Amino acid sequence: QIQLVESGGGLVQAGDSLRLECAASGGSFSDYAMGWFRQAPGKEREFVAVITWLGGSTYYADSVKGRFTISRDNAKNTVYLQMDSLKNEDTAVYFCAALYDGDYADPRAYNYWGQGTQVTVSS
């Protein structure tokens, strides 16, 4: 059983940056790929980014490619999401999740989830 706790959300202006962190505990963090998803009011949860268990590969949604960077530190059991050039449409609750196996873009494939952190981008 892995527990995930996100932090780093907040209210920023368009064009600003934020770095989200997700701290894992209670399990073998390095066995899992780690993903970030987001969910805006009235919308489905959508894939943002994923990093493989050794950090050798990363994948991004087209909407964030070139602006967001996912990374992980297995020694600290932490995954990060650096978000630059934020836009209004990035406003959502951001969740981190742990994936043992399966389609990284499908939230149903993930085994563990954090509680989420709110990111609000104002113009």
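Here, the structure is the one placed above.
Right, let's walk through the structure included here. Note that the coordinates shown come from a computational prediction; the quantities given were computed from them, not determined experimentally.

Quick look at the pattern of salt bridges
Line of reasoning, step 1. Scanning the model with the defined rule gives 6 salt bridges in all.
Line of reasoning, step 2. Of the charged contacts in the structure, one is a salt bridge between Arg38 and Asp90, with a shortest N-O distance of 2.9 Å. Of this pair, Arg38 sits in strand 4 (residues 33–39) while Asp90 is found in the loop between strand 8 (78–83) and strand 9 (92–99), placing the two residues 52 residues apart along the sequence. Here Arg38 and Asp90 have matching classes, each one buried.

Here's the deal with the nonpolar core
Line of reasoning, step 1. Counting 38 residues, the largest nonpolar core has Leu4, Met34, Trp36, Leu81, Met83 and Tyr94 as the members making the most contacts within it.
Line of reasoning, step 2. Elements that contribute at least two residues to this core include exactly strand 3 (18–25), strand 4, strand 5 (46–51), strand 7 (68–73), strand 8, strand 9 and strand 11 (117–122).
Line of reasoning, step 3. Per element, the largest residue contribution to this core is 6 residues, and it comes from strand 9.

Some thoughts on the environment of Arg72
Line of reasoning, step 1. When you line up the elements, Arg72 lands in strand 7.
Line of reasoning, step 2. Arg72 gets classed as buried once you look at its relative accessible area, which sits at 14%.
Line of reasoning, step 3. Taking the C-alpha atoms as reference points, Arg72 and Asp101, 29 residues apart in sequence, are found 18 Å from one another.
Line of reasoning, step 4. Each residue touching Arg72, except ones within four places of it in the same chain, is listed here: Phe29, Ser30, Tyr32, Ala33, Met34, Ile51, Thr52, Trp53, Gly55, Thr78, Val79 and Tyr80.
Line of reasoning, step 5. There is a polar contact of 2.9 Å between the side chain of Arg72 and the backbone oxygen of Thr52.

A look at the sheet that holds strand 1 (residues 3–7)
Line of reasoning, step 1. Taken together, the 4 strands give an open sheet; going across it, the order is 1-3-8-7, and neighbouring strands pair in antiparallel fashion. Edge positions in the sheet fall to strand 1 and strand 7, since each has one partner strand and no second. This sheet shows a mean twist of 15° between the axes of neighbouring strands, independent of strand direction.
Line of reasoning, step 2. The pairing of strand 7 with strand 8 spans 6 bridges and is antiparallel. Considered in strand 8, the bridge of Thr69 is made with Gln82.

Rules used in this analysis
Residues numbered from 1 in each chain as written. Predicted model: local features only at pLDDT ≥ 70, side-chain atom pairs only at ≥ 80, totals over all residues. Heavy atoms only, no water. Salt bridge = Lys/Arg side-chain N within 4 Å of Asp/Glu carboxyl O. Helix = DSSP H or I, 4+ residues; strand = E, 2+ residues; numbered from the N terminus. Buried < 20%, exposed > 50% of the residue type's maximum accessible area, 1.4 Å probe, protein only. Core = buried A, V, L, I, M, F, W, Y, C linked by side-chain atoms within 4.5 Å. Contact = heavy atoms within 4.5 Å. Polar contact = N/O pair within 3.5 Å; in protein donor to acceptor, adjacent residues only side chain to side chain. Pairing = 2+ DSSP bridges. Axes fitted to C-alpha atoms, helices over the stretch in contact; angles between N-to-C directions.

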